[in-house]
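# Coordinate inspection notes
Single-letter residue listing:
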Amino acid sequence: MNEPILEMKNISKNFGSVIALKNVNLEVYPGEIRGLIGENGSGKSTISSIAAGMQKASAGEMMFKGKKWEPSSMIDALQNGIGMVVQESGTIAGVTVAENMFLAELVQFKNKFGLISKNKMNQKATEAMKAIGVSNVTGDMNMMTLDFQTRKLVEIAKVIMKNPEILVIDETSTALSQDGREIMYKLIRKFRDNGKAVIFISHDLEEIMEVCDTLTVLRDGTLIRTFQKEEFDADKIRTSMIGRELQGDYYRSDFTPSSQTETALTANNLKYREELKSVDLVLKKGEIVGVGGLSSCGMHALGKALFGGLELEEGEVKTADGCSITNPHIAVNHKIGYVSKDRDTESLCLSASIRDNIAIGGMEKYAVNNFLILNKKESEYVQKQIKDLAIKCSDAEQLTSQLSGGNKQKVVFGKWIGCGSEILILDCPTRGVDIGVKQAMYQLMVKLKEEGKAILLISEELPELIGMSDRIVIMKDGCITGEFMRSETLTDADVISCMI
Ligand SMILES: Nc1ncnc2c1ncn2[C@@H]1O[C@H](COP(=O)(O)OP(=O)(O)OP(=O)(O)O)[C@@H](O)[C@H]1O
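This write-up is about the structure you can find in this document. (Residues numbered from 1 in each chain as written. Predicted model: local features only at pLDDT ≥ 70, side-chain atom pairs only at ≥ 80, totals over all residues. Heavy atoms only, no water.)

### Details of the site of the ligand
Contacts to the ligand come from 21 residues, most closely from Gly41, Lys44, Thr46, Ser404 and Gly406. At 2.8 Å, a side-chain N or O of Ser45 approaches an oxygen atom of the ligand. In the model, an oxygen atom of the ligand is placed 2.7 Å from a nitrogen or oxygen of the Ser404 side chain. Its free accessible area being 640 Å², the ligand has 88% of it covered by the protein chains. Across the shell around the ligand, the residue classes break down as four nonpolar, 14 polar and three charged. (Near = heavy atom within 4 Å. Polar contact = N/O pair within 3.5 Å; in protein donor to acceptor, adjacent residues only side chain to side chain. Areas by Shrake-Rupley, 256 points an atom, 1.4 Å probe, with all protein chains shown as cover. Nonpolar A, V, L, I, M, F, W, Y, C, P; charged D, E, K, R; others polar.)

Below you can see the structure in the form of structure tokens.
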């Protein structure tokens, strides 16, 4: 076999008392797509971000192309051959696509008078987007006007532009719709075919088995095993990830659609820019309605609109008691919970503790007359969510920013599930969550449905939509283009036909 392009030897990493990595040895070879998989908090982001210069190991050493590798920063690593697309948003809102791409390198666009040529910079950014296969984004666009997927694609283009030898992609697929994923897969394969290497992190076992040549499993900061392609076996990989066999059903085991007739929420003629064009929807109590579609189909806008988070041009969202939901405050007062796809900016306060993030949603459950907060009761409430969702943390006071991606997602889920919402709008709720917790979340959704709660499940994952929904609504270009009732014979192909 050829020489490794990257060698990580006995890498350990501690954050205070938290041990994120213990003596990990990882070798990556040229022409290899290496998958990293493991439960939330198992150390995948930590090990890859050490290779990509984002943080330093507490112990151990690295070699890159046969030389000692000690990048001083992410930029240093990128300039010298290792680039990483991070899990959450790695872009800055409020500035343009071009400024995001060239923030640390504006000097190259200075003209002889010392002024930055914005035209040149914009043009180069537009070219970088085109180079990864995105032709509808130009360098002069403001990041704030772009959706979550497109912002991710800007990040990918920014890294690819530097032509690194190793590309690290940390749990990015779940931020992308099918079309965005195809762009990413194409790029990854091109890397391999050009003799470069890719480290690909995903919780989607099917995807990772399809995309990767080799697969390394991490558990609790320890490297458990590396599987070669011919050894890939979903059950074996799962067992090695969680240290035991996964028991019970993953998705719902019944195939009977809900027969509930009592309305929970009605949306009439919703209009919002190009994203919602006269959308009507009725959500019944005790029903899980799945919403799917390609990127920019309008499904994420629909979720926001139902929570009162959009200034609609026309139309109305009403609860069963006739209240018009015109802002999130009214929504919360009417027991509507909302998990946004854009977790770090819209669903969490990263600079606050886990306790504060969870407790804020559940005051009604532990405060006397919604006013007097009893510390003991609040703690019990928070601890219950931490335990039920197996949130990996040192304690409830830990800052949310210090949690791994999937554990942040569990905090958001816990905040809305725990507080007794009657209507739940869940936009990609299992994004970045490991299979064990995903299963627990699905079971919780079924329980809530059986209790009569109404759930709108917006998802990019077709198996999740088909596996969990009583009814699936498909959107395209801001309109509803298809509706399917739960059935054992429903296939991906049926649903996809309405998306494209
Ligand atoms: N800045 C930090 N401060 C304290 N603890 C941290 C910090 N960053 C990571 N950790 C902890 O290190 C452990 C490993 O986290 P890491 O993000 O590498 O996990 P992961 O496998 O990528 O998880 P996920 O699948 O949820 O993204 C976790 O317990 C996490 O809480």
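Moving on from the coordinates now.
### Description of the nonpolar core
If you look at the biggest cluster of nonpolar residues, it comprises 62 residues, and the most contacted ones within it are Leu270, Leu276, Leu302, Leu306, Met445 and Leu456. The dominant element in this core, judged by the number of residues it contributes, is helix 16 (residues 435–450), at six residues. Setting aside residues up to four positions removed in sequence, Leu456 forms contacts with Leu281, Leu283, Val289, Val291, Leu306, Leu424, Ile425 and Leu426. Counting residues in hydrophobic clusters, the runner-up holds 47 residues, among them Leu146, Ile169, Phe200 and Leu215. (Core = buried A, V, L, I, M, F, W, Y, C linked by side-chain atoms within 4.5 Å. Buried < 20%, exposed > 50% of the residue type's maximum accessible area, 1.4 Å probe, protein only. Helix = DSSP H or I, 4+ residues; strand = E, 2+ residues; numbered from the N terminus. Contact = heavy atoms within 4.5 Å.)

### Regarding the sheet that holds strand 14 (residues 314–319)
The three strands are arranged 12-11-14 in an open sheet whose pairing can be described as antiparallel. With partners counted over all chains shown, the strands left at the sheet margins are strand 12 (276–284) and strand 14, one partner each. For this sheet, the mean angle separating the axes of adjacent strands, direction not counted, is 5 degrees. With five bridges connecting them, strand 11 (residues 263–272) and strand 14 associate as antiparallel partners. Pairing of Ala267 across the sheet is with Val317, part of strand 14. Most of the contacts of helix 9 (residues 299–306) go to strand 12, to which it runs at about 60 degrees, and overall it touches strand 11, strand 12 and strand 14. (Pairing = 2+ DSSP bridges. Axes fitted to C-alpha atoms, helices over the stretch in contact; angles between N-to-C directions.)

### Describing the sheet that holds strand 15 (residues 336–339)
Ordered by their spatial adjacency, six strands build an open sheet running 15-18-19-13-20-21, and the pairing between neighbours is mixed. A single partner strand is all that each edge strand has here, and the edge strands are strand 15 and strand 21 (479–485). Averaged over all adjacent pairs, the angle separating strand axes in this sheet is 15 degrees, with direction ignored. Relative to strand 19 (residues 454–458), strand 13 (residues 288–292) runs parallel, the two being bridged by four bridges. If you follow Val289 over to strand 19, its bridge partner there is Leu456.

### Here we look at the packing of helix 5 (residues 148–160) against helix 6 (residues 178–193)
For the pair helix 5 and helix 6, the least separation of the axes is 11 Å and the interaxial angle reads 15 degrees. On the basis of the axis angle, helix 5 is roughly parallel to helix 6. As for how helix 5 packs across helix 6, the hand of that crossing is left-handed. When helix 5 is examined against helix 6, the residues Gln149, Leu153, Ile156 and Ile160 are found in contact with a partner set consisting of Asp179, Gly180, Ile183, Leu187 and Phe191. A class-by-class count of the residues in the contact of helix 5 with helix 6 yields six nonpolar, two polar and one charged. (Parallel < 35°, antiparallel > 145°, perpendicular 65-115°, else oblique. Left-handed = near helix turned anticlockwise from the far one by under 90°.)

### Digging into the pairing of strand 4 (residues 59–64)
Sheet topology note: the strand 1 (residues 6–15)/strand 4 ladder contains five bridges and is antiparallel. Each bridged residue has a counterpart across the sheet, and for Met8 the counterpart in strand 4 is Met62. With two bridges joining them, strand 4 and strand 5 (residues 67–68) adopt antiparallel strand pairing. Pairing of Met63 across the sheet is with Lys68, part of strand 5. The antiparallel pairing of strand 4 with strand 5 creates a hairpin that spans two residues between the two strands, and Lys65 there sits at a positive phi of about 50 degrees.

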